[in-house]
Amino acid sequence: MADTESPTQTKAPSEPSNGEDDIIRIIAMHKWFGEFHVLKNINLSVKTRERIVICGPSGSGKSTLIRCINRLEEHQKGQIIVDGIELTNDLKNIDLIRREVGIVFQHFNLFPHLTVLENLTLGPIWVRKTPKKEAEELAMKYLERVKIPEQAAKFPGQLSGGQQQRVAIARSLCMNPKVMLFDEPTSALDPEMIKEVLDVMVALAESGMTMLVVTHEMGFAKTVADSVIFMDEGEIIEENEPHEFFNNPRHDRTKMFLSQILHH
Amino acid sequence: MTPGKTEGPITVTEDGGYLPGTHPDLPPPSSVHGPVHWIKVNLFGSVTETALTLVAAYFLYSAITFLVGWMFVDAAFTGESRKDCRAVATGACWAFIGNRFSLFIYGFYPEPERWRVDLSFVLLILAMVPVLFDRMPQRSKALIYTCLYPFIAAWLLVGGFGLEQVSTDQFGGLMLNVVIGVTGIAFSLPIGIVLALGRQSQLPIVRILCVSFIEIIRGVPLITLLFVAAVMLSYFVPPGTNFDLLVRMLIMVTLFASGYMAEVIRGGLQAIPNGQYEAADAMGLKYWQSMRLIVLPQALKISIPGIVNTFIALYKDTTLVIVIGRLDILGIGNSSLADTKWQGLSTEVYVFVAFFFFVSCFAMSRYSLWLEKKLHTGH
Ligand SMILES: Nc1ncnc2c1ncn2[C@@H]1O[C@H](COP(=O)(O)OP(=O)(O)OP(=O)(O)O)[C@@H](O)[C@H]1O
Ligand SMILES: [Mg+2]
């Protein structure tokens with residue numbers, strides 16, 4: 001595992017939320033895939049500028065949870081409220097929320113038939129109705145942020161995995177989201193490319209972006225997370241600030257997971 | 001090398017003593033490349049291969065000399081009857097084709113009005129330019145013209161509004177093949193796309209309608225559909241109204257090709273990974289936007305071979321109009337054979353018709369290869 005070691009900051013434990021300034025609020029949410037109860041009684045709130053890391057064994061429902069937040073999956077019970085808008089079957093609400101929430105996938109999901117620049121300007125032009133020229137300037141700004149402006153004219157298939165994932169991050173940022181979701185953004189990458197993507201994510205965190213990150217990069221969690229969530233079998237087992245989470249896990253399942261992941 | 005003895009630096013390698021890290025790029029030995037090597041390996045690799053090569057070469061040689069002799073060297077290009085041809089040459093009698101050429105092209109279209117057919121051919125080529133070449137300047141304006149072209153062509157060919165009316169009964173020859181083929185090609189692609197998307201729809205009614213349509217169309221031979229067009233459709237239109245037979249055929253041919261097109265495109269759609277739909281959704285694109293901008297460009301690109309295959313099949317199927325009494329280029333050829341002056345020249349006629357179809361279809365096939373290459377973005 002590639003750790004992005006920088007001096008470990010100690011963070012104030014998150015204050016109990018009053019629910020007012022929460023950008024994401026999930027209340028008693030359940031989800032089933034057919035008969036299979038994949039998410040059970042999920043309660044979670046994310047404040048503006050907060051960085052939350054979600055970890056847990058394979059199949060525990062981490063991806064499903066964050067995919068529910070922008071309605072790539074539909075929940076069946078409970079509430080999900082994003083930026084004051086509740087996710088329902090109302091397509092207007094779904095559209096509004098999707099504009100505010102960016103997501104970065106494990107497999108990048110770039111559009112292979114479009115150049116890097118076109119990948120980035122597509123959302124601004126068609127969803128936000130930004131003029132093309134302005135959209136291109138915006139795109140170049142974010143490509144510089146992720147340090148690959150020179151690749152703008154290439155097609156995704158011509159880039160390395162790490163570069164593709166950075167393009168994907170820039171593509172989400174071009175929509176100017178209030179929250180960024182990451183679903184194991186580095187787990188499809190070769191080890192030598194993980195760091196370049198994590199560096200971009202750390203810089204993004206430092207710029208004040210609200211982030212919800214599913215990852216097993218514990219170095220990243222220690223460096224930037226305000227709190228770490230452990231999920232198992234569809235439930236949130238434990239949530240704590242990183243120092244306590246790693247040094248003092250309360251649940252046996254968390255301990256077991258951590259020992260597996262840290263000493264494999 | 002045995003383990004444990006690998007420490008000392010290896011100073012001389014087998015092929016000539018370069019120190020590690022100093023080996024230059026050398027050209028491959030001449031025995032593994034070059035045309036002589038290729039011929040040696042591929043044509044004369046063994047005794048059997050050599051024998052096969054010689055036999056094949058002999059057959060190719062005799063076939064080519066025979067064909068060239070028949071088609072060009074011994075052929076007669078002028079004359080007023082078969083007798084004239086035979087008097088001067090032993091090979092093909094192309095005078096027959098030349099004599100009937102305008103019939104082959106225009107069918108029974110009235111002679112003084114044939115400039116209209118010529119003009120619509122020229123305009124057709126202009127209308128195709130922006131479709132075929134996406135890098136041309138002012139493409140979006142040119143595409144407006146392309147969309148108007150079917151109406152312009154229909155007006156030119158049929159007449160009315162200042163032009164003399166020409167009945168579609170008089171359409172024939174190559175012109176009839178082109179009218180049916182181009183109409184079918186132009187409309188079957190969009191209809192096929194809609195059917196393919198409908199087949200994947202979340203709405204059961206839309207899905208069932210599309211699936212039944214596709215299956216019915218695919219389950220019935222085109223000839224049957226053309227008979228239906230000729231005979232049955234008149235039951236459905238109010239008596240007294242005249243629903244042009246050519247239009248009915250155009251509809252049937254288009255629908256038939258659309259059914260196949262839908263299945264070809266469905267194959268392309270299935271090859272698009274779910275992640276593409278999800279990325280488009282997550283970005284906030286609406287259904288039609290994500291189809292138009294993300295999914296269809298990729299799906300159509302994958303489907304190019306199948307789409308062109310359908311186009312080619314459709315184009316060749318235009319000869320089937322013969323079954324409802326319309327004479328396309330093949331029909332004209334067939335009926336010309338009845339002329340006593342030219343009897344016995346069926347080979348010439350069929351070679352000519354085959355040549356015409358081959359050129360058109362081969363051009364489509366080459367274009368599609370070029371397009372595939374151009375759209376390849378490396379992955
Ligand atoms: N579309 C689906 N239909 C049915 N079951 C699904 C579907 N997607 C996921 N599942 C199941 O739901 C469970 C949770 O899946 P999820 O992808 O959320 O896990 P995860 O925690 O992200 O795991 P991983 O670390 O492997 O990505 C798994 O058992 C999975 O098999
Ligand atoms: Mg997952």
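Residues numbered from 1 in each chain as written. Chains lettered and ligands numbered in written order. Predicted model: local features only at pLDDT ≥ 70, side-chain atom pairs only at ≥ 80, totals over all residues. Heavy atoms only, no water.

Let's shift gears to the overall build of chain B. Per the secondary structure count, chain B includes 15 helices and zero strands. Against the globule reference of 21 Å for 379 residues, chain B gives a C-alpha radius of gyration of 29 Å, more extended than a compact globule. Seen through its C-alpha atoms, chain B measures out along the principal axes to roughly 100 × 75 × 40 Å. Taking all 379 residues of chain B together, 38% fall into the buried category. (Helix = DSSP H or I, 4+ residues; strand = E, 2+ residues; numbered from the N terminus. Rg over C-alpha atoms; globule rule 2.2 N^0.38 Å. Buried < 20%, exposed > 50% of the residue type's maximum accessible area, 1.4 Å probe, protein only.)

The next point concerns the overall build of chain A. What chain A contains, in helices and strands, is nine helices and 10 strands. Scaling as 2.2 N^0.38, a compact globule of 264 residues should have a C-alpha radius of gyration of about 18 Å, and chain A matches this with 18 Å. By principal-axis analysis of the C-alpha atoms, chain A measures approximately 55 × 45 × 35 Å. Contacts in chain A between residues far apart in sequence, at least 24 positions, make up 66% of those at least 6 positions apart. In chain A, 30 positive and 38 negative side-chain charges are present, and the distance between their average locations comes to 4 Å. (Contact = heavy atoms within 4.5 Å. Lys, Arg positive; Asp, Glu negative; His and termini not counted. Charge placed at Lys NZ, Arg CZ, Asp CG, Glu CD.)

Under the domain assignment, chain B is made up of domain 1 (31-73), domain 2 (98-109 + 166-375) and domain 3 (111-160). Taking only C-alpha atoms into account, the centre of domain 1 of chain B sits 39 Å from that of domain 2 of chain B. (Domains from an automatic or database assignment.)

Another point: the sheet that holds strand β9 (residues 227-232) of chain A. Residue and element names in this part refer to chain A. The strand order across the open sheet formed by six strands is β6-β7-β8-β3-β9-β10, and the pairing between neighbours is mixed. Edge positions in the sheet fall to β6 (101-104) and β10 (235-240), since each of these pairs with one other strand and no more. For this sheet the average axis-to-axis angle between neighbouring strands, irrespective of direction, equals 20°. Sheet analysis places β9 next to β10, joined by five bridges and oriented antiparallel. By the bridge assignment, F230 is partnered in β10 with E238. Helix-sheet contacts for helix α1 (residues 62-69) involve β3 (51-55), β7 (179-183), β8 (210-214) and β9, and the interaxial angle to β7 is about 155°. Against the sheet, helix α5 (residues 161-173) contacts β6 and β7, and its axis sits at roughly 170° relative to β6. (Pairing = 2+ DSSP bridges. Axes fitted to C-alpha atoms, helices over the stretch in contact; angles between N-to-C directions.)

Moving on, we come to the interface of chain A and chain B. Taken together, the contact between chain A and chain B spans 24 residues of the former and 20 residues of the latter. Roughly 1,900 Å² is buried in total at the junction of chain A and chain B, and carbon and sulfur atoms are behind 63% of that figure. Of all residues in chain A, F111, H113 and W126 of chain A bury the most surface against chain B, accounting for 29% of the area lost on that side. One can count two salt bridges joining chain A with chain B. (Buried area = accessible area lost by both parts, 1.4 Å probe. Salt bridge = Lys/Arg side-chain N within 4 Å of Asp/Glu carboxyl O.)

Residues and elements named next belong to chain A. For ligand 1, the full set of nearby residues is F33, F36, V38, P57, S58, G59, S60, G61, K62, S63, T64 and E184. S63 is positioned with one of its side-chain polar atoms (N or O) 2.5 Å from an oxygen atom of ligand 1. For ligand 1, an oxygen atom lies 2.4 Å from a polar atom in the side chain of T64. Against a free-state accessible area of 630 Å², the protein chains account for coverage of 59% of ligand 1. Listed by contribution, the elements that provide at least two residues to the shell around ligand 1 are β2 (36-47) and α1. Counting residues per element, the shell around ligand 1 draws most heavily on α1, at three residues. Considering only residue class, the shell around ligand 1 consists of four nonpolar, six polar and two charged. (Near = heavy atom within 4 Å. Polar contact = N/O pair within 3.5 Å; in protein donor to acceptor, adjacent residues only side chain to side chain. Areas by Shrake-Rupley, 256 points an atom, 1.4 Å probe, with all protein chains shown as cover. Nonpolar A, V, L, I, M, F, W, Y, C, P; charged D, E, K, R; others polar.)

The next point concerns the state of the cysteines. All names here are of chain B. If you walk through the whole model with that rule in mind, you get one disulfide over all chains. Each disulfide pairs two cysteine sulfurs, and for C85 the partner residue is C93, the sulfurs being separated by 1.9 Å. Every disulfide takes its handedness from the sign of the S-S torsion; for C85 and C93 that torsion is 60°, giving right-handed. What makes C85 buried here is its relative accessible area of 0%. Look at C93 and you get buried, because its relative accessible area is 0%. (Disulfide = S-S within 2.5 Å.)

Further remarks concern the pattern of salt bridges. Scanning all chains against the criterion turns up 22 salt bridges over all chains. Note that D199 of chain A and K195 of chain A form a salt bridge whose closest N and O atoms lie 2.9 Å from each other. Of the two residues, D199 of chain A and K195 of chain A are both situated in helix α6 (residues 191-206); the distance of four residues between them amounts to about one turn of the helix. A relative accessible area of 31% means that D199 of chain A is categorised as partly exposed. For the salt bridge of R250 of chain A with E238 of chain A, the shortest nitrogen-to-oxygen distance reads 3.6 Å. Of this pair, R250 of chain A sits in the loop between α8 (242-247) and α9 (252-262) while E238 of chain A sits in strand β10, and the two are 12 residues apart along the sequence. For E238 of chain A, a relative accessible area of 2% corresponds to the buried category. Within the structure, one salt-bridge network assembled from shared partners comprises R199, E215, R218, E263 and R266 of chain B.

It is worth spelling out the packing of helix α8 (residues 173-199) of chain B against helix α9 (residues 204-219) of chain B at this point. Two numbers describe a pair of packed helices, the interaxial angle and the distance between the axes. Residue and element names in this part refer to chain B. Here α8 crosses α9 at 125°, and the two axes come no closer than 7 Å. If you check the angle between α8 and α9, you find them oblique. For the pair α8 and α9, the sense of crossing is left-handed. Each of L195, G198 and R199 in α8 lies in contact with α9, whose residues at this interface are V206, R207, C210, V211, F213, I214 and E215. Here the residues of the contact of α8 with α9 are counted per class, giving six nonpolar, one polar and three charged. (Parallel < 35°, antiparallel > 145°, perpendicular 65-115°, else oblique. Left-handed = near helix turned anticlockwise from the far one by under 90°.)

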